[in-house]
Amino acid sequence: MSTLNCKLDSLVPAPSSFLETMVNFSRLIGDLINAVYAKITKPLGQFSLGSIVTQTEEIQRCVLNSLSFGTVTFNSRLSLRTLLGLSTSFEDNPKAIEQLSGSIKRGTKRKTNVTRLIRNMRDYDGY
Amino acid sequence: MGTNQITEKVYIDTNILVSYALGPNDDGYLKAKNVFDQAVKENHTIMVSNFMLTEALNTLRNVITEDKYQSLAHGVTQTALIAMADSEDFKKDIADESMKSFSDVIDLMTRDSQHFKFEENTKYDGVIFQNSLALLSGLFGIFRVYRFRCDKCEQYNPCSTCRTTSSIVYKAINAPDLLHVQIAQTLGCTKFVTMDKGFGTISKVVQIPITVLQ
């Protein structure tokens, strides 16, 4: 049964794949607008065609605003994961907040006082 | 709550996140756990700033360095410690272990879109630094007297040369604290939660409500 499930899973794109595609698509549009702005509109701006510059900027702003809140927050999570070399294909897990508790594995049982440690860091207390 | 409606957008201080992730071996764990339990129960959004994450990574590097130091036998000489500090293996060990811990934390947080939100390309106005300066110039901290204590065995000992037993230090809310508060406000958070009692001194002079966990 589990083998069958695995095969079916591989045929159906994961929910994150769709979002990933949307993010990539929106980035493509953004890049295209930036290219038009840099190569055409901005150089024309010096010939008093400021309104075209403004209009292009307005289009860019509209595209960014048209992205849903879900897509934008997915984008920020994706950026962070990419920065740390984590997999960019991941599933949402509303239980992760509970799994975060004690998730750092340490080789010692020594007690810490992180609040005091951070206080000292912020006070630049050290040698 | 029974619905998915977001009730509050909470900014957590670095001490809350790191303490919760370190677990029961940290003194503040139970207090930090309450924040996350409440976020689940009342469907709060925990707003995560890049500034907080940067500080969290540095904190983990400190914690793991301290762990390594504490794991050494008593009576270790300064020469031996300098040799260790200069060793590439030691540096790599701390760097890898702290980055692994940090990545594990981020891995979990980024998978939970229901409870955690991350900032992206937030534009910060220079006014936040001006506000911080204005706040700090209107406040003055306190003086504390600390007895000299061995980091290794935690025994109190006077200086072996001049016999002085303690030192006096100035303690106050500082630039990083004020920046956290300004960032929380910029991100539109409705509450700032910390375990650092020092924030009590500014709770009445900033716009955002500050909760200092007791």
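Residues numbered from 1 in each chain as written. Chains lettered and ligands numbered in written order. Predicted model: local features only at pLDDT ≥ 70, side-chain atom pairs only at ≥ 80, totals over all residues. Heavy atoms only, no water.

Pairing between side chains of opposite charge can happen when their charged atoms approach one another. Per the counting criterion, the structure on display carries 18 salt bridges over all chains. Among the ionic pairs, R119(A) bridges to D196(B), the shortest N-O distance being 2.5 Å. Taken as a pair, R119(A) in helix α6 (residues 114-122) and D196(B) in the loop between β6 (191-194) and β7 (210-212) lie in two separate chains rather than in one. No difference in accessibility class separates R119(A) from D196(B), as the two residues are buried. Here R122(A) makes a salt bridge to D177(B), at a shortest N to O gap of 2.9 Å. Of this pair, R122(A) sits in helix α6 while D177(B) is found in helix α7 (residues 175-186), placing the two residues in two different chains. Residues R122(A) and D177(B) agree in their burial class; the two are buried. Within this structure, R119(A), R122(A), D123(A), D13(B), E55(B), K171(B), D177(B) and D196(B) form a network of salt bridges that share partners. (Salt bridge = Lys/Arg side-chain N within 4 Å of Asp/Glu carboxyl O. Helix = DSSP H or I, 4+ residues; strand = E, 2+ residues; numbered from the N terminus. Buried < 20%, exposed > 50% of the residue type's maximum accessible area, 1.4 Å probe, protein only.)

In this section: helix α6 (residues 127-137) of chain B. Working note: α-helix, 3.6 residues per turn, so residues spaced by three or four point in the same direction. All names here are of chain B. By the burial criterion, the buried members of α6 are I128, S132 and L135. For α6, the buried positions fall inside an angular range of 65° around the axis, keeping them on one side. Facing away from the buried side of α6 by more than 90 degrees, the exposed set consists of F129, Q130, L133 and S137. Lining the buried residues of α6 we find α7. (Arc of directions from axis to C-beta. Contact = heavy atoms within 4.5 Å.)

Another aspect to go through is the side chain of K117(B). Residue and element names in this part refer to chain B. Along the chain, K117 falls in strand β3 (residues 116-118). D112 provides the closest opposite charge to the buried, unpaired K117, separated from it by 7.5 Å. At 2.5 Å, the side chain of K117 forms a polar contact with the backbone oxygen of S113. (Lys, Arg positive; Asp, Glu negative; His and termini not counted. Polar contact = N/O pair within 3.5 Å; in protein donor to acceptor, adjacent residues only side chain to side chain.)

Turning next to the sheet that holds strand β2 (residues 45-48) of chain B. Residue and element names in this part refer to chain B. Pairing within the open sheet is parallel, and its five strands lie in the order β3-β2-β1-β6-β7. Two strands close off the open sheet at either side, each with one partner strand: β3 and β7. Each strand axis lies, on average, 30° off the axis of its neighbour in the sheet, ignoring direction. In this structure, strand β1 (residues 9-12) lies alongside β6, joined through three bridges in parallel fashion. Residue pairing for β6: Y11 is matched across the bridge by F192. (Pairing = 2+ DSSP bridges. Axes fitted to C-alpha atoms, helices over the stretch in contact; angles between N-to-C directions.)

Bear in mind that shape data such as this cannot, by itself, settle questions of function.
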